[in-house]
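One letter stands for each residue in the lines below.
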Amino acid sequence: MKYFGVETIVKDRLNEGVVHKRSIPVLSIIVPCYNEQEIFDYSLKKLHSLLENLIKRNLISERSHLLFVDDGSKDDTWNLIYNASKSFERVIGIKLSRNKGHQVALLAGLSESISDVTISIDADLQDDTSVIEEMIKHYLDGSDVVYGVRNDRKSDSFFKRKTAGLFYRIMKWMGVEQIPHHADFRLLSKRAKDALLSYKEQSLYLRGLVPLVGFQSSQVEYSRSARTAGESKYPLSKMLSLAISGITSLTVTPLRIIAALGFVISGISVLAALYALYEKICGNTVEGWASVMIAIIFLGGVQMLSLGIIGEYIGKIYLESKKRPKYFVEEKIDE
């Protein structure tokens, strides 16, 4: 797809007299897809209608488009994307050679897009598309990053609400900088996107990397709806994997906890040794099996946990050192 910048300064027709700081942007809405055939038509029509409306209102350029990224789907998703590109001129797509996960698919979309602004959103459209207009206005007023932030979690189960709150508290305590209740629904300007793509790590946790980019940012709040069709692509196991990836990719706090724990245990051991020596001198020692077993089990458990955490970091170093490509594009529809 050829790229044409638009140099016209925009006046927000909803707020007469307010001249925006930026020109009309070429917008690319990036939609990662994995086995989304059940909901694809619904998402396509809703997003395409939104795009047309924003173009008519002179908020985005006519060169704006939808970019669907097929993350190695096993169903008919890619054929649906291909057919949509023939029926709708503003639809393009790329197909990854195999399933690489949501974060890599999203990164592929960002890498392949040529636009002034990108907005990423999941194919299930649980995120509120009506706030995309507000995101564009924030960009026109100078923001390079606009986060979509949930203002409630009513659509989540009780378990997910509680674990989500715990997750954000743990991540903050660990020193990971991220926006609470924000997933991957966000706007990035071209320079913010380019800055994000300059990070080369293999283990991706984009919602933790984006705040590291800096630049002027803002937030829009929305209420997340229930999934219309299909199944969630983030079950508990994947959520836990993503959390571990985020912690080990962005902070060394767990290693420091191990060091602190080792220091504490060493201190307790010294005190225990002094106490044992005192009891020996006083002739009060009694051979005991229980105390020895408790000490062995406790220290053994701490050691195994510590080795597991250290191993996770060593594994990350191993994978990073290979510098393997994150993905391969099998097919591409750009017109």
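If you're wondering where the values come from, they're calculated on a predicted model, not measured in any experiment.

Visitor: What exactly am I supposed to notice about the overall build of the protein chain here?
Guide: Across its full length, the protein chain holds 10 helices and 10 strands. Across the 335 residues of the protein chain, 44% fall into the buried class. A sequence separation of at least 24 residues applies to 81% of the contacts in the protein chain between residues at least 6 apart.

Visitor: How should I be thinking about the pattern of salt bridges in this particular structure?
Guide: Oppositely charged side chains may form a pair once their charged atoms are brought near each other. Applying the stated criterion to the full structure yields 8 salt bridges. E112 is paired through a salt bridge with K332; the nearest N and O atoms lie 3.1 Å apart. One end of the pair, E112, is in helix α3 (residues 102-112); the other, K332, is in strand β10 (residues 329-333), and 220 residues separate them in sequence. With a relative accessible area of 24%, E112 lands in the partly exposed category. D144 serves as the salt-bridge partner of R191, at 2.9 Å between the closest nitrogen and oxygen. You can see R191 sitting in helix α6 (residues 190-197) and its partner D144 sitting in the loop between α4 (132-140) and β7 (145-150), a full 47 residues away along the chain. Residue R191 is classed as partly exposed on the basis of its relative accessible area of 47%. When its relative accessible area of 1% is taken as the criterion, D144 is described as buried. Through salt bridges with shared partners, a single ionic network connects R57, E133 and K137.

Visitor: Mind showing me how you'd approach α6 here?
Guide: Because an α-helix completes one turn every 3.6 residues, residues spaced three or four positions apart along the sequence face the same direction. Buried residues of α6: A192, K193, L196 and L197, and no others. For α6, the arc enclosing every buried residue in end-on projection is 135 degrees, short of the 170-degree limit, so these residues lie on one face. Against α3, β6 (117-120), β7, β8 (186-189) and α7 (206-213) lie the buried residues of α6.

Visitor: Would you mind going over the side chain of D127 with me for this structure?
Guide: Along the chain, the position of D127 falls in the loop between β6 and α4. Its relative accessible area of 4% is what places D127 among the buried residues. A polar atom in the side chain of D127 sits 2.6 Å from the side chain of Y222. Contacts of D127, omitting those with residues within four sequence positions, involve I121, D122, F185, Y222 and R224.

Visitor: When you look at the pairing of β7 in this model, what are you seeing that I'm missing?
Guide: Most of β7 sits out of view: 6 of its 6 residues are buried. Covered by surrounding structure in β7 are V145, Y147 and V149 together with V146, G148 and R150, the residues of both alternating faces. Two strands pair when backbone bridges link them, and β7 and β8 are joined in this way by 3 bridges, in the antiparallel orientation. Within the sheet, the bridge partner assigned to V146 lies in β8 and is L187.

Visitor: In this structure, what is going on with the sheet that holds strand β5 (residues 91-96)? I would like to understand it.
Guide: For sheets, the rule is that strands pair by backbone hydrogen bonds, running either parallel or antiparallel. Spatially, β9-β7-β8-β6-β3-β4-β5-β10 is the arrangement adopted by the 8 strands of the open sheet, whose pairing is mixed. A single partner strand is all that each edge strand has here, and the edge strands are β9 (217-222) and β10. Adjacent strand axes in the sheet meet at a mean angle of 20 degrees when their direction is disregarded. Across 6 bridges, β7 lies against β9 in parallel orientation. Paired with Y147 across the bridge in β9 is Q219. The strands touched by helix α1 (residues 40-56) within the sheet are β3 (27-33), β4 (65-70) and β5, with β4 carrying the most contacts at an inclination of about 155 degrees.

Visitor: Would you mind showing me how to read the packing of α3 against α6 here?
Guide: Any two packed helices are characterised by the angle at which their axes cross and by the distance between the axes. Two elements in contact, α3 and α6, have axes separated by 10 Å at closest approach and are oriented at 125 degrees. The angle between the axes of α3 and α6 places the two elements in the oblique class. Handedness of the crossing formed by α3 with α6: left-handed. Touching L107, L110 and S111 of α3 are K193, L196 and L197, all from α6. In terms of residue class, the contact of α3 with α6 is built from 4 nonpolar, 1 polar and 1 charged.

Visitor: Before we go on, may I ask you to explain the packing of aromatic side chains in this structure?
Guide: The geometry of two aromatic rings is summed up by the distance between their centres and the angle between their planes. Scanning the entire structure with this criterion turns up 2 aromatic pairs. Aromatic pair F40 and F68: ring centres 4.9 Å apart, planes at 55 degrees, arrangement tilted. With a gap of 28 residues between them, F40 in helix α1 and F68 in strand β4 connect regions that are remote in the sequence. As far as the burial class goes, F40 and F68 line up, both buried. Ring geometry for F185 against Y222: centres 5.4 Å apart, planes inclined by 85 degrees, an arrangement best described as edge-to-face. Of this pair, F185 sits in the loop between α5 (158-174) and β8 while Y222 sits in strand β9, placing them 37 residues apart in sequence. Its relative accessible area of 1% is what places F185 among the buried residues.

Here is what the cut-offs are and how they apply
Each chain has its residues counted from 1, following the order in which its sequence is written. This being a predicted model, a pLDDT of at least 70 is required before a residue's local features are given, and a value of 80 or more before pairs of side-chain atoms are given or counted; all residues contribute to the totals for chains, interfaces and linings. Note that water and hydrogens are dropped before the side-chain values are worked out from all heavy atoms of the structure. Here a strand is any run of E in DSSP of at least two residues, a helix any run of H or I of at least four, and the numbering for each starts at the N terminus. Three labels apply to residues, based on accessible area from a 1.4 Å probe with only protein chains included: buried if under 20% of the type maximum, exposed if over 50%, partly exposed otherwise in between. By the convention used here, residues are in contact when the closest approach between their heavy atoms is within 4.5 Å. The salt bridge definition used is simple: a Lys or Arg side-chain nitrogen within 4 Å of an Asp or Glu carboxyl oxygen. Directions from the helix axis toward the C-beta atoms define the arc. Pairs of N or O atoms within 3.5 Å make up the polar contacts considered here, provided that, within protein, one atom can donate a hydrogen while the other can accept it, and that residues adjacent in sequence are counted only when both atoms are side-chain atoms. Here, any two strands with at least 2 DSSP bridges between them count as paired. An axis is simply a line fitted to the C-alpha atoms; with a helix, the fit covers only the stretch in contact. Between two such axes, the angle follows the N-to-C directions and lies from 0 to 180 degrees. Roughly parallel means an angle under 35 degrees; roughly antiparallel means over 145; roughly perpendicular covers 65 to 115; every other angle is labelled oblique. Take the far helix as your reference; a near helix turned counterclockwise from it by less than a right angle gives a left-handed crossing, and one turned clockwise gives a right-handed crossing. All amino acids are sorted into three groups, where Ala, Val, Leu, Ile, Met, Phe, Trp, Tyr, Cys and Pro are nonpolar, Asp, Glu, Lys and Arg are charged, and the leftover types, Gly among them, are polar. Two aromatic rings from Phe, Tyr or Trp, using only the six-membered ring of Trp, form a pair when their centres are within 6.5 Å; if the ring planes differ by under 30 degrees the pair is stacked, by over 60 it is edge-to-face, and anything between is tilted.

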